[in-house]
Amino acid sequence: MRTDFQNLLVKQDGAVLTIMMNRPEVLNAFNDIMLAELTDAVEDVAQDEAVRCVVLTGAGRAFGSGQDLHTFAEDRSSGAVGTVSEHLQKYHRVVYAIREMPKPVIAAVRGVAAGISCNIALACDLRIVSDDARFIEAFARIGLVPDGGGGYFLPRLVGVGKALELSMLADEVTGTEAERIGLVNRCVPQEEFEEATLALAQRLAKGPTRAYALIKKLIYTSAESDLQTSMRLEGELQDMAFETEDHHNAVVAFLQKRKPEYKGR
Ligand code: T3D
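Residues numbered from 1 in each chain as written. Predicted model: local features only at pLDDT ≥ 70, side-chain atom pairs only at ≥ 80, totals over all residues. Heavy atoms only, no water.

Asker: Quick rundown of the packing of helix α9 (residues 209–222) against helix α10 (residues 227–242)? Include the residues and the values.
Answerer: Where α9 meets α10, the axes come as close as 10 Å, and the angle between the chain directions of the two elements is 175 degrees. Looking at the two axes, α9 sits roughly antiparallel to α10. Each of Leu214, Lys217, Leu218, Thr221 and Ser222 in α9 lies in contact with α10, whose residues at this interface are Ser230, Leu233, Glu234, Leu237, Met240 and Ala241. (Axes fitted to C-alpha atoms, helices over the stretch in contact; angles between N-to-C directions. Helix = DSSP H or I, 4+ residues; strand = E, 2+ residues; numbered from the N terminus. Parallel < 35°, antiparallel > 145°, perpendicular 65-115°, else oblique. Contact = heavy atoms within 4.5 Å.)

Asker: Run through a negative patch on the surface, naming residues and quoting values.
Answerer: A grouping of Asp131, Glu191, Glu192 and Glu195 is seen on the molecular surface, where their side chains present a negatively charged patch. With respect to the helices and strands, the residue Glu191 is situated in the loop between β9 (186–188) and α8 (193–205). Its relative accessible area of 68% is what places Glu191 among the exposed residues. (Patch = residues over 30% accessible without salt bridge, like charges linked within 9 Å, V, L, I, M, F, W, Y side chains within 5 Å. Areas by Shrake-Rupley, 256 points an atom, 1.4 Å probe, with all protein chains shown as cover. Salt bridge = Lys/Arg side-chain N within 4 Å of Asp/Glu carboxyl O. Lys, Arg positive; Asp, Glu negative; His and termini not counted. Charge placed at Lys NZ, Arg CZ, Asp CG, Glu CD. Buried < 20%, exposed > 50% of the residue type's maximum accessible area, 1.4 Å probe, protein only.)

Asker: Which residues make up the pattern of salt bridges, and what values go with them?
Answerer: Within this structure, the stated rule accounts for 13 salt bridges. Measuring nitrogen to oxygen at the nearest pair gives 2.9 Å for the salt bridge that ties Arg134 to Glu172. Residue Arg134 is found in strand β7 (residues 134–136), and its partner Glu172 is found in the loop between α6 (160–169) and β8 (173–174); the two are separated by 38 residues along the sequence. Here Arg134 falls in the partly exposed class, since its relative accessible area comes to 31%.

Asker: I'd like a rundown of the environment of Ala201, residues and numbers included.
Answerer: Residue position: Ala201 is located in helix α8. We classify Ala201 as buried; its relative accessible area is 1%. Sequence separation of Ala201 and Ala108 is 93 residues, and the distance between their C-alpha atoms is 9.9 Å. If we skip the residues at most four places from it in the chain, Ala201 touches Val16, Cys53, Val55 and Ile106.

Asker: So what about the packing of helix α1 (residues 32–47) against helix α3 (residues 84–100)? Which residues, and what values?
Answerer: Where α1 meets α3, the axes come as close as 9 Å, and the angle between the chain directions of the two elements is 25 degrees. On the basis of their axis angle, the class for α1 and α3 is roughly parallel. The interaxial crossing formed by α1 with α3 has left-handed handedness. Counting all contacts with α1, which are made through Asp32, Leu35, Leu38, Thr39, Val42 and Glu43, the residues of α3 involved are His87, Lys90, Tyr91, Arg93, Val94, Ala97 and Ile98. The class makeup of the residues in the contact of α1 with α3 is seven nonpolar, two polar and four charged. (Left-handed = near helix turned anticlockwise from the far one by under 90°. Nonpolar A, V, L, I, M, F, W, Y, C, P; charged D, E, K, R; others polar.)

Asker: Requested: an account of the side chain of Asn28, with residues and values cited.
Answerer: Its location among the elements puts Asn28 in the loop between β2 (16–21) and α1. Among the residues examined, Asn28 registers a relative accessible area of 0% and is labelled buried. A polar contact of 3.0 Å, which involves the side chain of Asn28, links it to the backbone oxygen of Ala62. Not counting the four nearest positions on each side in its chain, Asn28 is found in contact with Met21, Asn22, Arg23, Met34, Gly58, Ala59, Ala62, Phe63, Gly64, Ser65 and Ser117. (Polar contact = N/O pair within 3.5 Å; in protein donor to acceptor, adjacent residues only side chain to side chain.)

Asker: Requested: an account of the sheet that holds β9, with residues and values cited.
Answerer: In spatial order, the strands read β1-β2-β3-β4-β6-β9; together these six strands make up an open sheet with mixed pairing. Taken across any chain shown, the strands that pair with only one partner, and hence form the sheet edges, are β1 (8–13) and β9. Averaged over all pairs of adjacent strands, the angle between strand axes in this sheet comes to 20 degrees, irrespective of strand direction. Bridging between β2 and strand β3 (residues 53–58) involves six bridges; their strand directions are parallel. What sits directly across from Thr18, in β3, is Val55. (Pairing = 2+ DSSP bridges.)

Asker: Lay out the site of the ligand with the relevant residues and their values.
Answerer: Of all residues adjacent to the ligand, which total 24 residues, the nearest are Ser65, Gln67, Leu69, His87 and Ile116. A distance of 2.9 Å is found between an oxygen atom of the ligand and a backbone nitrogen or oxygen belonging to Gln67. Between the ligand and Ile116 there is a distance of 2.9 Å, counted from an oxygen atom to a backbone nitrogen or oxygen. Against a free-state accessible area of 1000 Å², the protein chains account for coverage of 70% of the ligand. The residue makeup of the shell around the ligand, split by class, is 13 nonpolar, six polar and five charged. (Near = heavy atom within 4 Å.)

Asker: Tell me about a nonpolar patch on the surface, and please be specific about residues and values.
Answerer: On the surface, Val160, Leu164, Met168 and Leu169 cluster together into a nonpolar patch covering about 430 Å² of accessible area. Note on placement: Val160 falls in helix α6. When its relative accessible area of 57% is taken as the criterion, Val160 is described as exposed.

If you want it as structure tokens, here you go:
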């Protein structure tokens, strides 16, 4: 796994890989380098069987402040960029890589998560946040629509009415409020944030990784399907889960009245 990035810090702790966006002087706003590096890191780790859980987080006091508006403005005035939709395709590649990752991806959010950084957090499978977290669908503040999958993730997580409110008013949502409305899974006190994040990541990293990959496929596909399609898929995926070493060993462990140890195979 490559670790020599300019705008990312990548650290492996056992089977947990933490990818930290690292431009704290601009609250981890995305420039082209950080976006390309994040894409590389996320795509690479998908293939790495030694990593069984990925944590995406930000350096310093924020998760991320969205697109770097300084470089974006410079690129636009110099004519260095094409259309915005062409530029967005680079972000879409990261979103797809997170969703298709055959292992859990956790967004660990402290401080602000604004604009496309907020929506990249929403693309992750689980979100754990500190009670100083601030989610801002900041797009309307600068006359834009939510991008990076925001228009897709928001109504699915919080419902259409709340998605419209968050997108139109672009007000801050605190960590505790985000937990209450279902935007995030867990909000913990700041002083417990790192420990709680690691505990969650390690728990997932010790779990049945193959089954987690199949669960991602089932839940994400079922959110778009009818009952019949979902149950047909459930059968196909269960056939695959049934063949895993983890399933076999966990049943033996149950019968022997001991805790299973999942190998991720
Ligand atoms: O094709 C495309 O890429 C288009 C897609 C766009 C996607 C988007 O993400 S659009 C949304 C872009 N983001 C924003 O509009 C948020 C802009 N930032 C803010 O509104 C505020 O900074 C925050 C609410 C996020 C945080 O406020 P606060 O008071 O905690 O911090 P601050 O003092 O405003 O920011 C600290 C520094 O970070 C500051 O620099 P300085 O003055 O200390 O030198 C600030 O300029 C810088 N910074 C914050 N956000 C950005 C940024 N620099 C560049 N780009 C940013 N997005």
